[in-house]
Amino acid sequence: MTKKALITGITGQDGAYLAKFLVEKGYKIFGTHRKTHPPNLWRLDELGITDKVTLRELDLQSDRTCTKLLQEVKSEEVYNLAAQSYISVSFEQPVATGEITGIGVARLLEAVRAVDPDIRFFQASSNEMFGLVQEVPQSENTPFHPRSPYATAKLYGHWMTVNYREVYNTFACAGILFNHESPLRGLEFVTRKITFNAAKIKDGLQDKLLLGNLNARMDWGYAPEYVEAMWLMLNTPQADDFVIATGKAYSVRQFVEVAFRVLDVEIVWEGQGVQERGIDRKNGKVLVEIDPRFFRPADANLLIGDPSKAQRELAWKARTSLEELVEIMVKEDLRRIRSGSIEV
Ligand code: NAP
């Protein structure tokens, strides 16, 4: 019998990749989008699967229709990927972030419990829950210390997932996802901002790239591999939580260097602190500058995941190196710019 899955946040980066992955596995896919604006379908369009998914409206901030939706869809698996996922926005809208990213998880878990307790539930938890890190690298046993309204809301959703598993025996799993990127990443995120703007600079469409903290280090993986881990979690005998990460960290500065290198530009750095600049070695042009507006009010520190449990129990491992990831993203942005398929 054809398996069915419901993906909240199907219009986001992970939602689109997960939908493609599950369609290829033969699943029938239902996905939700917000009713407040027309569905944002560019990612599903780019992956060529818009006509292979059935869309339904759901706004986790206010919607009380989760139960009705689950009754209609009757899926064996529910993947909760919807979230107000921008850390900077969460400082401006902490209450809305709490409602969507935190309480939204409780709404879905309650619906699962009411409609069919056999539904398997995946929650997209975040490395940001470690925030002020208590140890490096972070594993499933590392204590949390969130440093933003986003991370605090994610922590609520995470513990609710654990709670439903422990109290109601729900097959509920949380993936503690470290950063994962792709050409489908939103332009507000630093990686995509770098690859898109570097490609524009290469083609003479822009002069400079403005960034915040160049020394922030991140554990960056490739998104299509992370959605495979989500599916693996729901298809093992025992529900549990897993850190999904590469186990390696690189700085924003290194990401910038690799992105320009893909475009045949070598960056050299001059100056200190907010005066630091990235310069094209060939012609002395300033291509990267610091803009203090992009510093976070409270940065999480060294977030590096320990993915050994996922490797051991799910046979999951990140496969794409940072260099490969950056190259995929830069080349795709260059292609989009040159083909006119993205507004510049
Ligand atoms: P994303 O691209 O920002 O997608 C977020 C999705 O949530 C979009 O489909 C968005 O829909 C939807 N959404 C936003 N507000 C909503 C609301 N009020 N009601 C219902 N849906 C709403 O995020 P992503 O990168 O795919 O990440 C997927 C999940 O993993 C998120 O929960 C994120 O917090 C978590 N996560 C991601 C990373 C990462 O590195 N990517 C790391 C850790 C955790 P619209 O199209 O309507 O905006």
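In this text the structure is predicted, and so the values were computed from the model without any measurement. (Residues numbered from 1 in each chain as written. Predicted model: local features only at pLDDT ≥ 70, side-chain atom pairs only at ≥ 80, totals over all residues. Heavy atoms only, no water.)

1. Remarks on unusual backbone geometry
Omega for the peptide link from Val136 to Pro137 comes to -5°, which places this bond in the cis form. Relative to the helices and strands, Pro137 is located in the loop between strand 5 (120-126) and helix 6 (149-168). Unlike most non-glycine residues, Asn169 shows phi in positive territory, near 65°. Looking at the element boundaries, Asn169 is found in the loop between helix 6 and strand 6 (171-177). In this structure, Ala315 is a non-glycine residue whose phi angle is positive, near 60°. (Helix = DSSP H or I, 4+ residues; strand = E, 2+ residues; numbered from the N terminus.)

2. A closer look at the site of the ligand
Within the structure, the ligand sits among 27 residues, and Thr11, Asp14, Arg34, Ser85 and Tyr150 are positioned closest to it. Backbone polar atom of Leu81 to an oxygen atom of the ligand: 3.0 Å apart, as the coordinates give it. The separation between an oxygen atom of the ligand and a polar side-chain atom of Lys154 is 2.8 Å. Only helix 1 (13-24), strand 5 and helix 6 provide two or more residues apiece to the shell around the ligand. Per-element tally for the shell around the ligand: the top contributor is strand 5, with three residues. Among the residues making up the shell around the ligand, the classes are represented as 10 nonpolar, 12 polar and five charged. (Near = heavy atom within 4 Å. Polar contact = N/O pair within 3.5 Å; in protein donor to acceptor, adjacent residues only side chain to side chain. Nonpolar A, V, L, I, M, F, W, Y, C, P; charged D, E, K, R; others polar.)

3. Re the pattern of salt bridges
Oppositely charged side chains are able to pair whenever their charged atoms sit close together. As enumerated under the stated definition, the model contains 21 salt bridges in all. Notably, a salt bridge pairs Arg338 with Asp203, separated by 2.6 Å at the nearest N-O pair. Of the two residues, Arg338 is situated in helix 11 (residues 322-339) and Asp203 in the loop between helix 7 (190-202) and strand 8 (209-211); the sequence distance between them amounts to 135 residues. Given the relative accessible area of 54%, Arg338 is considered exposed. On the basis of relative accessibility, which here comes to 29%, the residue Asp203 falls in the partly exposed class. Two residues, Arg293 and Asp291, come together in a salt bridge whose shortest N-O distance is 2.6 Å. With relative accessibility at 65%, the residue Arg293 sits in the exposed group. Relative accessible area serves as the criterion here: at 12%, Asp291 is assigned to the buried category. (Salt bridge = Lys/Arg side-chain N within 4 Å of Asp/Glu carboxyl O. Buried < 20%, exposed > 50% of the residue type's maximum accessible area, 1.4 Å probe, protein only.)

4. Some remarks on the pairing of strand 1 (residues 4-8)
Along any regular strand, the residues point their side chains to alternate faces of the sheet. Among the five residues in strand 1, four count as buried, and that is most of the element. The pairing of strand 1 with strand 2 (residues 28-33) spans five bridges and is parallel. Across the sheet, residue Thr8 finds its bridge partner in strand 2, namely Thr32. Handedness of the β-α-β unit built from strand 1, helix 1 and strand 2 comes out right-handed. Here strand 1 runs beside strand 4 (residues 77-80); their pairing, made up of four bridges, is parallel. Bridged to Thr8 within strand 4 is Asn80. (Pairing = 2+ DSSP bridges. Right-handed = clockwise from strand over helix to strand, strands pointing away.)

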